[in-house]
Amino acid sequence: MNRNKPLSGILIFVFMLGTTVMKAQTNTIQKHALSPREQSMVAISALTAAGDLENLSKPLNAGLDAGLTVEETKEMLVQLYAYCGFPRSLNAISTLMDVLDKRKANGIKDKPGKPAVSQNGAQDPYEQGRKVLEELTKMPQSKPAPGFGVFAPRIDTFLKEHLFADIFESEVLTFQQRELVTISALAAMPGVVSQLQSHVKMGINTGITENQLLEVAELIAKFVSRTQANSLRKAIAKPAVPVVEAGMMVRISEIEILAEHLNEYNAVLKEEAAASVEKEQGVLAIFPMYSKEQPTQIRIVEIYADSGAYQSHLKTPHFLHYKTTTLKMVKSLKLIDMTALDEQTMLEIFKKLK
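Caption draft 1: Up close: the pattern of salt bridges. Applying the stated rule across the entire model yields twelve salt bridges. The residue Glu72 makes a salt bridge to Arg37 at a minimum N-O spacing of 2.8 Å. Taken together, the residues span a long stretch of sequence, with Glu72 in helix H4 (residues 70–84) and Arg37 in helix H2 (residues 36–50) at a distance of 35 residues. The buried category is assigned to Glu72, whose relative accessible area is 13%. With relative accessibility at 22%, the residue Arg37 sits in the partly exposed group. Where salt bridges share partners, they join Asp65, Arg103 and Asp110 into one cluster.

The structure is reproduced here in structure tokens:
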């Protein structure tokens, strides 16, 4: 009998277990290339740039809970005015003020942090900003900047003297943090691909890694859209993620309503459709219509991320309220499952509605 056989088996098991643990740790590191503070910075910047104030409070709270100071958070929103404009920056600052007031009322003491200093005493602010830009790009920066700087010298002056001198002068955020904020904002905005590409290079120069940029893209997909996330993926030469899921569920509901209940039914349906799209991530569209010639003939275009999202939808309070309330109002119901002829065109359907 080989007495070493059980021992060798144990050693193999231990080795395999150790390998599994190492792989799990590696996957965790790759999955969480950004710290919780950095993840919050990405979400805050992206939602500010997208103008999504409704969802901004949650990452603001998460960032403060993760250790972001009040001054760091303010500085992010101040910087973003240079990329997404005063209105969205100011709106985000107002949202932050509300969040801080509520946290204070709940007894939460947030770290104030190092205050921003905006006393630029440089003899030549343009030259100061030009040197900062050289540090970020690792390339010589001519005066004026070629192209737009020659054509519109005032914008070149604002860019160098104000953004890269006045704003970047503050040490509340590091250059790397500022580039993370900028990349996140630009990735959330359509029509700024060239600026995004430039800042991705600057971000890499400050030490932002490819894995971190990939996680930024994942967060953009979560908080803004997969379409916008793909703009960042393209900038770092990574494959785009499918915007339309293979298992997406499309259905047309054909409903006939008893005439005496039509007004009441329409009111309940309108409320349910709005709640479904607003509250359920897996509900992509619920678009009710009625026939002009026969208003009791209702048609609803329903689009769900997948069958799981549909099954979840059926259990929501707003759908159950709709179903039980309108049961007596419905004369007939027919559900028709559909398949899109061109899934990519579906993305363009509502873009022209202003």
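Caption draft 2: Main features of H2. Spanning 15 residues, H2 covers 21 Å between terminal C-alpha atoms, matching the ideal 21 Å at 1.5 Å per step. When you tally the buried positions in H2, you get eleven out of 15 residues, the bulk of the element. By the burial criterion, the buried members of H2 are Glu38, Ser40, Met41, Val42, Ala43, Ile44, Ser45, Ala46, Leu47, Thr48 and Ala49. At its buried positions, H2 is contacted by helix H3 (57–65), H4, helix H5 (86–105), helix H9 (175–187) and helix H11 (210–223). Among the residues trailing H2, Gly51 stands out with phi positive, at a value near 75 degrees.

Caption draft 3: Representation of the packing of H2 against H4 in the model. Where H2 contacts H4, the two axes come as close as 10 Å, and the packing angle between them is 40 degrees. Compared by their axis directions, H2 and H4 come out oblique. In this structure, H2 meets H4 at a crossing whose hand is right-handed. For the pair formed by H2 and H4, the contact residues are Arg37, Met41, Ile44, Ser45, Thr48 and Ala49 on the first element and Glu72, Met76, Leu77, Leu80 and Cys84 on the second. For the contact of H2 with H4, the residue count by class is seven nonpolar, two polar and two charged.

Caption draft 4: Up close: a nonpolar patch on the surface. Nonpolar side chains collect at one region of the surface, where Phe287, Met289, Ile349 and Phe350 lie side by side and expose about 380 Å² of accessible area between them. In this fold, Met289 is placed in strand S2 (residues 283–290). Overall, Met289 belongs to the partly exposed group, its relative accessible area being 35%.

Caption draft 5: Broad picture of the side chain of Thr296. Along the chain, Thr296 falls in the loop between S2 and strand S3 (297–304). Owing to a relative accessible area of 19%, Thr296 belongs among the buried residues under this scheme. Residues contacting Thr296, with those up to four places away along its chain left out, are Ile255, Glu256, Ile257, Ala259 and Leu262.

Caption draft 6: Geometry of the pairing of S3. With six of its eight residues buried, S3 lies for the most part within the structure. Strand direction decides the pairing type here: strand S1 (residues 249–257) and S3, joined by eight bridges, are antiparallel. Each residue of the ladder has a partner; that of Ile252, found in S3, is Val301. In this structure, S2 lies alongside S3, joined through seven bridges in antiparallel fashion.

Caption draft 7: Summary view of the environment of Tyr322. For Tyr322, the position within the fold is in helix H15 (residues 317–326). Expressed as a C-alpha distance, the spacing of Tyr322 and Lys270, which sit 52 residues apart in the sequence, is 9.8 Å. Contacts of Tyr322, omitting those with residues within four sequence positions, involve Ile255, Tyr265, Val268, Leu269 and Glu272.

Caption draft 8: A look at the nonpolar core. Counting 51 residues, the largest nonpolar core has Phe164 and Leu232 as the members making the most contacts within it. Look past the residues within four positions of Leu232 in its chain and what remains in contact with it is Ile183, Ala187, Leu196, Val200, Leu213, Val216 and Ala217. In this structure, Met249, Ile257, Ile298 and Tyr304 belong to the second largest nonpolar core, which totals 19 residues.

Caption draft 9: Structural view of the packing of helix H13 (residues 262–279) against H15. As a packed pair, H13 and H15 sit with axes 9 Å apart at the nearest point and diverge in direction by 165 degrees. It follows from the interaxial angle that H13 and H15 lie roughly antiparallel. In this structure, the crossing between H13 and H15 has a hand that is left-handed. Note on element contacts: H15 touches H13 through His318, Phe319, Tyr322, Thr325 and Thr326, opposite Tyr265, Val268, Leu269, Glu272, Ala275, Ser276 and Lys279. In the contact of H13 with H15, the residues fall into six nonpolar, four polar and two charged.

Reading guide: rules and limits
Residues numbered from 1 in each chain as written. Predicted model: local features only at pLDDT ≥ 70, side-chain atom pairs only at ≥ 80, totals over all residues. Heavy atoms only, no water. Salt bridge = Lys/Arg side-chain N within 4 Å of Asp/Glu carboxyl O. Helix = DSSP H or I, 4+ residues; strand = E, 2+ residues; numbered from the N terminus. Buried < 20%, exposed > 50% of the residue type's maximum accessible area, 1.4 Å probe, protein only. Expected span 1.5 Å × (residues − 1). Contact = heavy atoms within 4.5 Å. Axes fitted to C-alpha atoms, helices over the stretch in contact; angles between N-to-C directions. Parallel < 35°, antiparallel > 145°, perpendicular 65-115°, else oblique. Left-handed = near helix turned anticlockwise from the far one by under 90°. Nonpolar A, V, L, I, M, F, W, Y, C, P; charged D, E, K, R; others polar. Patch = residues over 30% accessible without salt bridge, like charges linked within 9 Å, V, L, I, M, F, W, Y side chains within 5 Å. Areas by Shrake-Rupley, 256 points an atom, 1.4 Å probe, with all protein chains shown as cover. Pairing = 2+ DSSP bridges. Core = buried A, V, L, I, M, F, W, Y, C linked by side-chain atoms within 4.5 Å.

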